[in-house]
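Architecture and fold: a report
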Amino acid sequence: MGIVKKLFNSTRKPEGLLGELMVKSMNKGHAAVSDWGMEHITKLHPSKIIDLGCGGGRNAAELLKRFPAATVHALDYSEVSVQKTKQFNQQAIKNGRLQVTHANVLNLPFSADTFDLATAFETVYFWPGPTDSFREVYRTLRPGGVFLIVNEVDGENPRDSRWLSVIDGMRIYNGDQLTRFLTKAGFSKVIVKRDAKRHWLCVLAIRDDAGYLGNT
């Protein structure tokens, strides 16, 4: 495996030196699409948030900034990502607003009905299932809770298939596919938003819809 392929493969589970380089680049490279996705949850007022697949920790910091009354739990199955997130958010951890956990989305170490908002930025491409993983997210959300998925590829651009030959185990989904997976996992309402020009995808899945999103 060449060095370039090894580097891109570390997006799935960053490990070692290449993984450290990757998570550092994630904070900058994913910022624009992540912020675009967060614009779709401005009407929410969560008190407990979980960021699944936290990468380099930048998005956890942004969630803390956008929701100053909330606490955030960041989670990743990459130890490199966990450590980078801790380094990036040292003050928030000291202040008790952020916790970081090393775990897998198939077996989330949280009780049912724990979070108001779950987020997944540039990560569901690699989730096992993914219906089983989404079912775990559903379990940990409170009734009326929202699951936000943000992807930089929307499954509608043929050029994106090139990533499948570079990154082992990656799967690209369109909005309809994610809607089916989420509905099967139990979510009562799914809203799909696209930036057609940039082929960005944002999906909001609501547990036991209580109208929290209004007309979003």
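See the structure above.
To start, this report covers the structure provided alongside it. (Residues numbered from 1 in each chain as written. Predicted model: local features only at pLDDT ≥ 70, side-chain atom pairs only at ≥ 80, totals over all residues. Heavy atoms only, no water.)

Helix and strand content of the protein chain: nine helices and seven strands. Across the 216 residues that make up the protein chain, the buried fraction comes to 52%. Looking at the protein chain alone, contacts between residues at least 24 apart form 71% of all its contacts between residues at least 6 apart. When the accessible surface of the protein chain is split by element, carbon and sulfur atoms take 51% of a total near 10,000 Å². (Helix = DSSP H or I, 4+ residues; strand = E, 2+ residues; numbered from the N terminus. Buried < 20%, exposed > 50% of the residue type's maximum accessible area, 1.4 Å probe, protein only. Contact = heavy atoms within 4.5 Å. Areas by Shrake-Rupley, 256 points an atom, 1.4 Å probe, with all protein chains shown as cover.)

Our next topic: the packing of helix α3 (residues 31-38) against helix α4 (residues 58-66). How two helices sit against one another is set out by the angle between their axes and by the gap between those axes. Contact geometry for α3 and α4: axes closest at 11 Å, N-to-C directions at 35°. Between α3 and α4 the crossing geometry is right-handed. Counting all contacts with α3, which are made through Ala31, Ser34, Asp35 and Met38, the residues of α4 involved are Arg58, Asn59, Glu62, Leu63 and Arg66. Taken together, the residues that form the contact of α3 with α4 break down as three nonpolar, two polar and four charged. (Axes fitted to C-alpha atoms, helices over the stretch in contact; angles between N-to-C directions. Left-handed = near helix turned anticlockwise from the far one by under 90°. Nonpolar A, V, L, I, M, F, W, Y, C, P; charged D, E, K, R; others polar.)

Below, the discussion takes up the side chain of His73. Among the secondary structure elements, His73 is positioned in strand β2 (residues 71-76). On the basis of relative accessibility, which here comes to 10%, the residue His73 falls in the buried class. In this structure the side chain of His73 is engaged in a polar contact, spanning 2.5 Å, whose partner is the side chain of Thr101. Residues in contact with His73, not counting those within four places in the same chain, are Ile49, Ile50, Asp51, Gln99, Val100, Thr101, Phe110 and Phe115. (Polar contact = N/O pair within 3.5 Å; in protein donor to acceptor, adjacent residues only side chain to side chain.)

This brings us to unusual backbone geometry. Omega for the bond connecting Gly129 with Pro130 falls within 30 degrees of zero, at 0°, which places this linkage in the cis form. With respect to the element layout, Pro130 can be found in the loop between β4 (115-121) and α7 (131-140). At Glu122, a position not held by glycine, the phi torsion is positive, near 55°. Tracing the chain through its elements places Glu122 in the loop between β4 and α7. The exposure class of Glu122 is buried, given its relative accessible area of 15%. If you check the backbone angles, His199 has positive phi at about 60° while not being a glycine. Structurally, His199 can be placed in the loop between β6 (189-195) and β7 (200-206).

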